[in-house]
Amino acid sequence: MLAASYANHRNRILMLRKFAKAELNRLLAHLRSLGFTVLGPKLEDEAIVYGQVDSLADLPRGYSDSQQPGKYRVSQAEHQFYFEFNLGPHSWKQFLFPPRVSLSTAQLDATGWTFETPHQPAPKLAFLGVRACELAAIAVQDRVFLHGPYVDPIYQARREAVLIIAVNCTVAAATCFCTSMLTGPKCQAGFDLALTELDDCFVAEVGSQRGAEILEAITTESATPPEIEQAKVREQGAVEQIQKSMDTTNIRNVLLDNLEHPHWDTVAERCLSCTNCTMVCPTCFCSSVSEVADLSGEHVQRIRQWDSCFNLDFSYTASGTVRNDRRSRFRQWLTHKLASWHDQFDSSGCVGCGRCITWCPVGIDLTEEVAALREPPISNRRLPVIEPPPTICHLPRSPVDPHAAISAEETQ
Amino acid sequence: MSHKPRLAVFKFASCDGCQLQLLSCEDELLSLAESVEIVHFIEASSHVEAGPYDIALVEGSITTAHDRQRIQVVREQSQTLVTIGACATAGGIQALKNWGDRADYVRSVYAQPEYIQTLATSTAIADHVRVDFELRGCPINRFQLLEVLQALVAGRKPRTPTHSVCLDCKRRGTVCIAIARDAACLGPITQAGCGAICPDFQRGCYGCFGPSAQPNCDSLADWYVQDRTTHVQLVPLLRNFNADAEAFKATGDRIDPHSEPGTV
């Protein structure tokens, strides 16, 4: 009935259901019975990462995190919520765009070379706990891998198979700035279900036919007006906690007009070019492809791996390395992410998740770098024009030539 | 090469761990033997043939006057000279003597120091002869060694990445221990090759594979000293298996107020 109702009314009514927290266990069991592997937040190695979640007991209940440039801590808190934390080092990118895949193989035998493209069926994955900025990041990668002239078949198969249960943030980390990038913290689109966690229940917004269908497997009721109000208050809590911001006004031109800004040198002095920002970024999509043969040279695999514009080898061409210092590599990353991404994909490459800030080993904060790049370069800064002070002396000008007077003194 | 390339392995001041990696290529040894002829490998066989050699793998650093001459002979006899391991590429752990008093060390360690003839320093092979390729690591990664040999036989450039350990941590999904645990991890300035093993066991990177390409050691060291550790702890971390690697040495010396690197 819920599914039929969604099909009939999805454009007209907002479907808000509520269910008891224990029902989430039944929902997970139902997803498993449909053949899904559920992936969600788990506490591992002192961080909240994404891994297989079979029941509520696997979730980091009662934990919260604190983040700042170059620092991440997770600890037990004074609450019993399942989703009262922000993003950890992992993003969903690893499941849709895996770090290492075999693209093709080649075998040599007596008859010659045989080329094969391994056809691995995409795993049927359900993502639990996807935040608004991560939905935006998936949408960005959709544009990169699906909506251009070259569709990536590996991404496409995985993306089509995935089911998304989003969760609205109710807290914000000190590194979050989704409100600047207009991506959150409220989940707007791109989910099958979006949950808001209240004290004793989840309020669920249905975002797709499939979302409505899976919700039918568990006991739900219409959310009451006070519950809807409480959900709004909790969601507003995240908005109010966001301290960081990035001024995106005309950002494309500001960056591209300042390619020789001296601040690039300043940030290059700090930047390690270690690739961490690009690896944790949920939209960075660079990879390198290499052919790997065994000793005989008769068995070859074409391997695609995550790579980074921060690597010296990444811009190596027949004529040498294009970006041969940290300054040019940091500039490439930031200007691509925030400026030329607009030209290439008609959106920003940044969703404001703040991972690159937290997971930079030396705490480089791109929002501060952008602010610094907006400042006029000190060396070229035009000094303000100082008007001569108004004349306040009304005495008649001296009739005596001062030079003549000095000469007269000298001659004495 | 029309014939099977003749491969020789030479040892200088070292622990033998890197040449052992060649023997550890158990599954690949037979196919390796089809690609190259191993004619001088004392650790594996007492049958040794005289040069010249097509490929020489050189392990160890130069610490004696005798070795300083011997490496010249190896160079003359070898078409392609590949140094393997931290000793051969950066002087190894024994390069710590470069910061100390050689005579004092010899007196403390040996009952009859007059029998000991060593140089004041431990230095990389490339400080003495032209080296065609350096394979890093303490010890080297045997898969990288196979890659280098395969590349040399095929006449192409070996594919050994020069990026940081961090990239490998991220590819395998390891949570960054520098960020989540305040570990003084050298991963961001260290070349990959080990497979990012230590951080996965919650230990900071020791820098076994030496500096990564264009490393910013000063920035990382300044951040660590201001945030989580002291010069006293960080200097020995930089002066480790790759103590004499230029980038690690420069930063270690800069932040060590007592640093007096020895002179040759």
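Residues numbered from 1 in each chain as written. Chains lettered and ligands numbered in written order. Predicted model: local features only at pLDDT ≥ 70, side-chain atom pairs only at ≥ 80, totals over all residues. Heavy atoms only, no water.

A.B. asks: Mind showing me how you'd approach the overall build of chain B here?
C.D. replies: Of regular secondary structure, chain B possesses 12 helices and 5 strands. Taking 18 Å as the expected radius of gyration for a compact globule of 264 residues, we find that chain B reaches 19 Å, a close match to that expectation. Viewed in the frame of its principal axes, chain B has a C-alpha envelope of about 60 × 50 × 30 Å. When contacts within chain B are restricted to residue pairs at least 6 apart in sequence, those whose partners lie at least 24 apart make up 73%. (Helix = DSSP H or I, 4+ residues; strand = E, 2+ residues; numbered from the N terminus. Rg over C-alpha atoms; globule rule 2.2 N^0.38 Å. Contact = heavy atoms within 4.5 Å.)

A.B. asks: Please clarify how the overall build of chain A should be interpreted in this entry.
C.D. replies: Across its full length, chain A carries 15 helices and 16 strands. Look at the contacts in chain A between residues 6 or more apart in sequence, and 72% of them connect residues 24 or more apart. By element, 52% of the accessible surface of chain A is carried by carbon and sulfur atoms, the whole surface being about 20,200 Å². (Areas by Shrake-Rupley, 256 points an atom, 1.4 Å probe, with all protein chains shown as cover.)

A.B. asks: What is the right way to look at the packing of aromatic side chains in this model?
C.D. replies: Aromatic ring pairs are reported here in terms of the distance separating the ring centres and the angle at which the planes meet. Residue and element names in this part refer to chain A. Going through the model one piece at a time under the given rule, you end up with 21 aromatic pairs over all chains. Their ring planes at 55° and their centres at 5.5 Å tell us that W341 and F345 sit as a pair that is tilted. Pair noted here: W341 and F345 are both in helix α12 (residues 326-345), with a separation of 4 residues, about one helical turn. We note that W341, like F345, is buried. (Phe/Tyr/Trp six-rings, centres within 6.5 Å; stacked < 30°, edge-to-face > 60°. Buried < 20%, exposed > 50% of the residue type's maximum accessible area, 1.4 Å probe, protein only.)

A.B. asks: Hey, could you run me through the pattern of salt bridges in this one?
C.D. replies: A pair can form between side chains of opposite charge whenever their charged atoms are brought close. Residues and elements named next belong to chain B. In this structure the tally under the stated criterion is 40 salt bridges over all chains. Note that R171 is salt-bridged to D168, the shortest N-O span being 3.4 Å. Residue R171 and its partner D168 are both found in helix α7 (residues 165-172); the two are separated by 3 residues, about one turn of the helix. Residue R171 is classed as buried on the basis of its relative accessible area of 17%. With relative accessibility at 16%, the residue D168 sits in the buried group. (Salt bridge = Lys/Arg side-chain N within 4 Å of Asp/Glu carboxyl O.)

A.B. asks: Whenever I open this one, unusual backbone geometry confuses me. Can you help?
C.D. replies: One can expect most non-glycine residues to show negative phi and most peptide bonds to be in trans. Across the junction of G184 of chain A and P185 of chain A, the peptide omega takes the value 5°, indicating a cis bond. One can find P185 of chain A in the loop between α6 (178-181) and β10 (193-197). Looking along the chain, the bond that leaves C138 of chain B and enters P139 of chain B is cis, with omega of -5°. Inspection of the secondary structure puts P139 of chain B in the loop between β5 (133-135) and α6 (142-154). Phi at T275 of chain A is positive, roughly 85°, even though this residue is not glycine. Residue classification places T275 of chain A among the buried residues on the basis of a relative accessible area of 1%.

A.B. asks: Please explain the interface of chain A and chain B as it appears in this structure.
C.D. replies: Often the size quoted for an interface is simply the accessible area lost on bringing the parts together. Each partner contributes residues to the interface: chain A has 45 residues there, and chain B has 33 residues. Buried surface at the junction of chain A and chain B, both sides included, amounts to about 3,200 Å², of which 52% is carbon and sulfur. Ranking the residues of chain A by area buried against chain B places D45, L272 and L295 of chain A at the top, with a combined share of 21%. Our enumeration of links across chain A and chain B arrives at 4 salt bridges. A salt bridge links D182 of chain B to R73 of chain A; its shortest N-O distance comes to 2.8 Å. Our enumeration of links across chain A and chain B arrives at 24 residue pairs in polar contact (both at pLDDT 80 or more). Elements that contribute at least two residues to the side of chain A that touches chain B include exactly β3 (47-52), β5 (71-76), α10 (263-270), α11 (276-280), β13 (287-293), β14 (299-306) and α12 of chain A. Among the elements that take part in the side of chain A that touches chain B, β13 of chain A stands out by supplying 4 residues, more than any other. Per-class residue counts for the side of chain A that touches chain B are 21 nonpolar, 10 polar and 14 charged. (Buried area = accessible area lost by both parts, 1.4 Å probe. Polar contact = N/O pair within 3.5 Å; in protein donor to acceptor, adjacent residues only side chain to side chain. Nonpolar A, V, L, I, M, F, W, Y, C, P; charged D, E, K, R; others polar.)

A.B. asks: Which parts of the structure should I look at to understand the sheet that holds strand β7 (residues 112-116) of chain A?
C.D. replies: Sheet strands pair by backbone hydrogen bonding; their relative direction is either parallel or antiparallel. Residue and element names in this part refer to chain A. Read across the sheet, 4 strands follow the order β7-β6-β14-β13 without closing on themselves; strand pairing throughout is antiparallel. Bordering the open sheet on either side are β7 and β13, each of which pairs with just one other strand. Within this sheet the neighbouring strands show an average axis-to-axis angle of 20°, counted without direction. Both strand β6 (residues 100-109) and β14 contribute to a ladder of 7 bridges, which runs antiparallel. Across the sheet, Q107 pairs through a bridge with H299, a residue of β14. (Pairing = 2+ DSSP bridges. Axes fitted to C-alpha atoms, helices over the stretch in contact; angles between N-to-C directions.)

A.B. asks: Before we go on, may I ask you to explain the sheet that holds strand β4 (residues 78-84) of chain B in this structure?
C.D. replies: All names here are of chain B. Pairing is parallel in the open sheet, where 5 strands are placed in the order β2-β1-β3-β4-β5. Taken across any chain shown, the strands that pair with only one partner, and hence form the sheet edges, are β2 (37-40) and β5. Here the average twist between neighbouring strands, direction ignored, is 30°. Two strands pair when backbone bridges link them, and strand β1 (residues 6-11) and β2 are joined in this way by 3 bridges, in the parallel orientation. In the strand pairing of β2, L7 is matched with I38. Against the sheet, helix α3 (residues 65-77) contacts β1, β3 (53-59) and β4, and its axis sits at roughly 130° relative to β4.

A.B. asks: What's the story with the domain arrangement of chain B in this structure? I'm lost.
C.D. replies: Residues and elements named next belong to chain B. If you check the domain split of chain B, you get domain 1 (6-154) and domain 2 (165-255). Measuring from the centre of the C-alpha atoms in domain 1 to the corresponding centre in domain 2 gives 25 Å. Carbon and sulfur atoms supply 55% of the area buried between domain 1 and domain 2, which totals about 1,300 Å² over both sides. Counting the contacts that link domain 1 with domain 2 gives 0 salt bridges. At the surface where domain 1 touches domain 2, the tally comes to 6 residue pairs in polar contact (both at pLDDT 80 or more). When residues in the side of domain 1 that touches domain 2 are grouped by element, the largest group, 3 residues, is from helix α4 (residues 85-90). Here the side of domain 1 that touches domain 2 is built from residues that sort into 9 nonpolar, 8 polar and 1 charged. (Domains from an automatic or database assignment.)

A.B. asks: Just checking my understanding: could you explain the pairing of strand β4 (residues 63-68) of chain A for this structure?
C.D. replies: Each regular strand displays side chains that alternate between the two surfaces of the sheet. All names here are of chain A. Relative to β5, β4 runs antiparallel, the two sharing 6 bridges. Paired with Q68 across the strands is K71, a residue of β5. Connecting β4 to the next strand, β5, in antiparallel fashion are 2 residues, including G70 with a positive phi near 75°.

A.B. asks: Help me out: how do you make sense of the confidence of the model for chain A in this one?
C.D. replies: Reading fine detail from the predicted coordinates is not recommended where pLDDT is low. Here chain A averages 91 in pLDDT, while 89% of its residues score no lower than 70. Per-residue pLDDT stays below 50 along residues 391-412 of chain A; that stretch engages in 1 contact with residues further than four places along the chain or on separate chains. (pLDDT = per-residue confidence, 0-100.)

A.B. asks: Any chance you could explain the environment of A339 of chain A here in plain terms?
C.D. replies: All names here are of chain A. Position of A339 relative to the elements: it lies in helix α12. For A339, a relative accessible area of 0% corresponds to the buried category. For the pair A339 and C350, spaced 11 residues apart in sequence, the C-alpha to C-alpha distance is 9.8 Å. With near-sequence residues (within four places) excluded, A339 lies in contact with R252, L255, L256 and L334.

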